[in-house]
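This is what each chain is made of:
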Amino acid sequence: FIDGVYRSRTGVGLTELGQVDRIEVLRGPQGTLFGRNTSAGLISIITAKPRFQTSIYGQVDVGNYDLRRFEAGITGPVSDSIALRLDGVYMKRDGFLKDVVSGRDINDRNRWMLRGQALFQPDDKLSFRLIADYSKRNEECCGAPFLPAHDVTAAGEQPSTIAGIERALGGIIEDNTFARNTSITPGRSFRSDVKDGGVSGELV
């Protein structure tokens, strides 16, 4: 759950979040408050709310594989009972795993997020929070190198039978884990092209 909204797919839900207030790990069942999909518990992520004190923040991260990540936000009051907040994140990074079949690099990052919020709080007993957000991802993630395969017999470990058969049929198996190479079947990919947005309200 992100700000009380159920995200049915982890890959969609766990994108850039901006500033986070807290993360709650709740043991199940939690059906009374969160519905029947929470018999085993849930992870609830609560992003930072608008504040009645003006605040501006920013963060820049630079790393290997041309990593660039920019995060910024502003919050503050527009009246005694209404506060606004705007957060944005942009991230880009080259892939670090090479597909020896196509020659392309995978496990890259290319994503951004924008979230706007309004908080109406006339007194300490009532507050209404309106959230609108939009995020986009266009990246290829998450591939992994193979571990070397072996047959385990009574005589000990032997070269992998199935790996030998696959190589004889023309398959490419990159089992040098630390070379950061993999082989993806032509026509297959790890492409993640996701557009996600919505509006939610919370009355407390």
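Parameters and conventions
Residues numbered from 1 in each chain as written. Predicted model: local features only at pLDDT ≥ 70, side-chain atom pairs only at ≥ 80, totals over all residues. Heavy atoms only, no water. Helix = DSSP H or I, 4+ residues; strand = E, 2+ residues; numbered from the N terminus. Rg over C-alpha atoms; globule rule 2.2 N^0.38 Å. Contact = heavy atoms within 4.5 Å. Lys, Arg positive; Asp, Glu negative; His and termini not counted. Charge placed at Lys NZ, Arg CZ, Asp CG, Glu CD. Pairing = 2+ DSSP bridges. Phe/Tyr/Trp six-rings, centres within 6.5 Å; stacked < 30°, edge-to-face > 60°. Buried < 20%, exposed > 50% of the residue type's maximum accessible area, 1.4 Å probe, protein only.

A. Quick peek at the overall build of the protein chain. Assigned secondary structure in the protein chain consists of 3 helices and 13 strands. Taken against the 2.2 N^0.38 rule, which gives 17 Å for 204 residues, the C-alpha radius of gyration of the protein chain at 23 Å runs more than 25% over that of a compact globule. For the protein chain, the spread of C-alpha atoms along the three principal axes comes to 75 × 40 × 30 Å. The contacts in the protein chain between residues at least 6 apart in sequence include a share of 61% that link residues at least 24 apart. Considering the protein chain, the positive charge centre built from 26 side chains and the negative charge centre built from 26 side chains are found 3 Å apart.

B. Up close: the sheet that holds strand 12 (residues 181-182). Spatially, the 3 strands line up as an open sheet ordered 7-6-12, and their pairing is mixed. Only two strands of the sheet have a single partner each, and these edge strands are strand 7 (105-106) and strand 12. Direction of pairing for strand 6 (residues 97-99) relative to strand 7: antiparallel, over a ladder of 2 bridges. Directly across from Leu 97, in strand 7, lies its bridge partner Ile 106.

C. Spotlight on the packing of aromatic side chains. Under the criterion given, the structure shown has 5 aromatic pairs. Seen in terms of ring centroids, Phe 1 and Tyr 6 are 5.3 Å apart; in terms of plane orientation they differ by 45°. Their pairing is tilted. Taking relative accessible area as the criterion, Tyr 6 reaches 40% and is therefore assigned partly exposed. Seen in terms of ring centroids, Phe 70 and Tyr 90 are 6.4 Å apart; in terms of plane orientation they differ by 20°. Their pairing is stacked. Separated by 20 residues along the polypeptide, Phe 70 in strand 4 (residues 67-77) and Tyr 90 in strand 5 (residues 82-93) bring together distant segments of the chain. A residue is classified by how much of its surface remains accessible, and Tyr 90, at 34% relative accessible area, is partly exposed.

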